[in-house]
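Chain residues, written in single-letter form:
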Amino acid sequence: YADYFDRGATSVGARFGYWRAAAQTAMEEPLLGTGPGTFQLAYKRHRAPDAEPTRLTHNDYLQQASDSGVPGFLLYLVFFGGAAWALARRRLTEPVYIAMRLGLLAWALQGVVEFGLYIPALAWPAWLMLGWLLAVPTNQFDKSPTTE
């Protein structure tokens, strides 16, 4: 990998090109986007001649805007924003719930620079944790030591 490291961190600079192309695609196809998994085709129209090819935007949120259009992107944001708001209002003090919330936060933040939605080994546990946390009852029985 010495040659790769000698060239520098090209993937960091390339991501800005991916993101620019995804934003342009979302503006050109605002209603329905280009369709699921079609960023590679849309990127061919917008990439610089010397830019490396890619299949994904390396940003889950821009991927949604490019593939699904503005309505799909907004629905995705509303879903995640609503889930985050609902979880933020809950007082979950069990260590496992705290760990799951931190894991979901990390996964959502990683989505800004990677494509965790397209990796089942990352996406499925995240959806499982989100569903599990949203299903936790808000009115749990009093578990204080005085009642036991």
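Keep in mind it's a predicted model, so treat the numbers as computed, not measured. (Residues numbered from 1 in each chain as written. Predicted model: local features only at pLDDT ≥ 70, side-chain atom pairs only at ≥ 80, totals over all residues. Heavy atoms only, no water.)

Caption draft 1: Quick peek at the overall build of the protein. A tally of helices and strands in the protein yields six helices and zero strands. Going residue by residue from the N terminus, the α and β elements of the protein occur as α-α-α-α-α-α. Relative to its 148 residues, the protein shows a buried fraction of 31%. Nonlocal contacts in the protein, meaning residues at least 24 apart in sequence, comprise 66% of its contacts between residues at least 6 apart. Summing over all exposed atoms, the protein offers an accessible surface of approximately 9800 Å²; the carbon and sulfur share of this is 66%. (Helix = DSSP H or I, 4+ residues; strand = E, 2+ residues; numbered from the N terminus. Buried < 20%, exposed > 50% of the residue type's maximum accessible area, 1.4 Å probe, protein only. Contact = heavy atoms within 4.5 Å. Areas by Shrake-Rupley, 256 points an atom, 1.4 Å probe, with all protein chains shown as cover.)

Caption draft 2: Representation of the pattern of salt bridges in the model. For the coordinates displayed, the defined rule picks out two salt bridges. Ionic pairing is found between Glu114 and Arg15, a salt bridge with its closest N-O pair at 3.0 Å. With Glu114 in the loop between α5 (95–110) and α6 (120–135) and Arg15 in helix α2 (residues 10–28), this pair connects stretches of sequence that are 99 residues apart. Overall, the relative accessible area of 22% leaves Glu114 in the partly exposed class. Arg15 gets classed as buried once you look at its relative accessible area, which sits at 16%. (Salt bridge = Lys/Arg side-chain N within 4 Å of Asp/Glu carboxyl O.)

Caption draft 3: Quick look at the packing of aromatic side chains. Evaluation of the coordinates by the stated rule reveals ten aromatic pairs. Measuring from centroid to centroid gives 6.0 Å for Phe79 and Trp127, while their planes differ by 45°, and the two rings are tilted. Highlighted residues: Phe79 in helix α4 (residues 60–89) and Trp127 in helix α6, separated in sequence by 48 residues. Looking at Phe79, the relative accessible area reads 40%, which means it is partly exposed. An aromatic cluster is defined as three or more aromatic residues linked by ring pairs; in this entry it consists of Tyr61, Tyr76, Phe79, Phe80, Trp107 and Trp127. (Phe/Tyr/Trp six-rings, centres within 6.5 Å; stacked < 30°, edge-to-face > 60°.)

Caption draft 4: How the structure looks around the nonpolar core. In this structure, Tyr97, Leu104, Trp107 and Leu133 are the most contacted members of the largest nonpolar core, which totals 16 residues. The set of elements that each furnish at least two residues to this core consists of α4, α5 and α6. Looking at which element gives the most residues to this core, the answer is α4, with five residues. Among residues more than four places away in sequence, those in contact with Leu133 are Leu87, Arg90, Leu92, Tyr97, Met100, Arg101 and Leu104. (Core = buried A, V, L, I, M, F, W, Y, C linked by side-chain atoms within 4.5 Å.)

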